[in-house]
Amino acid sequence: MQAKIYHNPTCGTSRNTLALIRNAGIEPDVVEYLKTPPARAELVDMIASAGLTVRQAIREKGTPYAELGLDNPMLSDDTLLDAMLDNPILINRPFVVTDLGTRLARPSELVLDILPDTHRGPFSKEDGELVIGADGRRIRT
């Protein structure tokens, strides 16, 4: 299976998501999007494929969101996309694209919706929360 993760290695959610993908036996194409942002068309496609609006794909916390006035509801999607491409930190993370679909993996276990059931064993997030049980199945809370 092909998989691509738009990853920020300093983000715990992104690290957990990457580890979940690898636990499924998949070595994804890891794109550190802060260094190599997606092209506009690719970003638009990811957002649409994930079933999100452009505004839902913007990260507010720890970004220049407020300073840039992006909270203005009158701003167009094109304006928001321009801001995301000019300041990739505004792209919420991690986006994951696989043969089974696209997800903004927040929380990280949402990535399981687009991975095969090929987990190599139990998996706990960095905070200790169990996500995959010893039987290789997703724990639903």
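Everything here concerns the structure above.
On a predicted model such as this, the values are computed, not experimentally measured, just so you know.

Chemist: Which residues make up the overall build of the chain, and what are the values?
Modeler: Within the chain one finds three helices and six strands. Each helix and strand of the chain, placed in order from N terminus to C terminus, yields the pattern β-α-β-α-α-β-β-β-β. Since a compact globule built from 141 residues should have a radius of gyration of about 14 Å, the 16 Å found for the chain is in line with a globular shape. Reported as C-alpha extents along the three principal axes, the dimensions of the chain are approximately 50 × 30 × 25 Å. Sorting the 141 residues of the chain into buried and exposed places 43% on the buried side. For the chain, the proportion of contacts with a sequence separation of at least 24, taken over those separated by at least 6, is 59%. In the structure as shown, the chain presents an accessible area of about 7300 Å², 49% of it carried by carbon and sulfur atoms.

Chemist: Explain the nonpolar core residue by residue, including any values.
Modeler: Side chains of nonpolar character tend, in soluble globular proteins, to be buried together. If you look at the biggest cluster of nonpolar residues, it comprises 20 residues, and the most contacted ones within it are L43, I47, M84, L90 and F95. Sorting the residues of this core by element identifies α2 (40–49) and α3 (77–86) as the ones contributing at least two each. In terms of residues, this core owes the most to one element, α3, which gives four residues. Beyond its immediate stretch of four places on either side in the chain, F95 contacts K4, I5, Y6, M46, I47, A50, L52, A57, T102, R103 and L104. Counting 16 residues, the second-largest nonpolar core is a separate cluster that includes A3, L18, V131 and I132.

Chemist: Please set out the sheet that holds strand β2 (residues 29–32) residue by residue, giving values where relevant.
Modeler: Strand order in the open sheet formed by four strands is β2-β1-β3-β4, and the pairing between neighbours is mixed. Only two strands of the sheet have a single partner each, and these edge strands are β2 and β4 (101–104). Each strand of the sheet is rotated relative to its neighbour by a mean of 15 degrees, with strand direction disregarded. Two strands pair when backbone bridges link them, and strand β1 (residues 3–7) and β2 are joined in this way by four bridges, in the parallel orientation. Bridge assignment links K4 to a residue of β2, and that residue is D29.

Chemist: Any details on α3? Residues and values, ideally.
Modeler: Burial in α3 covers these residues: L80, L81, A83 and M84. The buried residues of α3 occupy an angular sector of 160 degrees when the element is viewed end-on, so they sit on one face. Taken together, the buried residues of α3 touch α2.

Chemist: Pulling in residues and values, what's your account of unusual backbone geometry?
Modeler: Here the residue pair R93 and P94 is connected by a cis peptide bond, since its omega of -5 degrees sits within 30 degrees of zero. Here P94 shows up in the loop between α3 and β3 (95–98). Following R106, the chain continues into P107 via a peptide bond in cis, with omega recorded as 5 degrees. Note on placement: P107 falls in the loop between β4 and β5 (123–124).

Chemist: I'd like a description of the side chain of S108, backed by residues and values.
Modeler: In this structure, S108 sits in the loop between β4 and β5. Residue classification places S108 among the buried residues on the basis of a relative accessible area of 2%. Here S108 is in contact with T13, N16, T17, L20 and K125, once residues within four sequence places are set aside.

Chemist: I'd like to hear about the packing of α2 against α3, residue by residue, with values.
Modeler: At a minimum axis distance of 11 Å, the contact between α2 and α3 shows a crossing angle of 115 degrees. Once α2 is placed against α3, the crossing between them reads as right-handed. Contacts from R40, L43, V44 and I47 of α2 reach α3 at D78, L81, D82, M84 and L85. Class assignment for the residues of the contact of α2 with α3 results in six nonpolar, no polar and three charged.

Criteria and cut-off values
- Residues numbered from 1 in each chain as written.
- Predicted model: local features only at pLDDT ≥ 70, side-chain atom pairs only at ≥ 80, totals over all residues.
- Heavy atoms only, no water.
- Helix = DSSP H or I, 4+ residues; strand = E, 2+ residues; numbered from the N terminus.
- Rg over C-alpha atoms; globule rule 2.2 N^0.38 Å.
- Buried < 20%, exposed > 50% of the residue type's maximum accessible area, 1.4 Å probe, protein only.
- Contact = heavy atoms within 4.5 Å.
- Areas by Shrake-Rupley, 256 points an atom, 1.4 Å probe, with all protein chains shown as cover.
- Core = buried A, V, L, I, M, F, W, Y, C linked by side-chain atoms within 4.5 Å.
- Pairing = 2+ DSSP bridges.
- Axes fitted to C-alpha atoms, helices over the stretch in contact; angles between N-to-C directions.
- Arc of directions from axis to C-beta.
- Left-handed = near helix turned anticlockwise from the far one by under 90°.
- Nonpolar A, V, L, I, M, F, W, Y, C, P; charged D, E, K, R; others polar.

The values reported here are purely geometric and, on their own, carry no functional implication.
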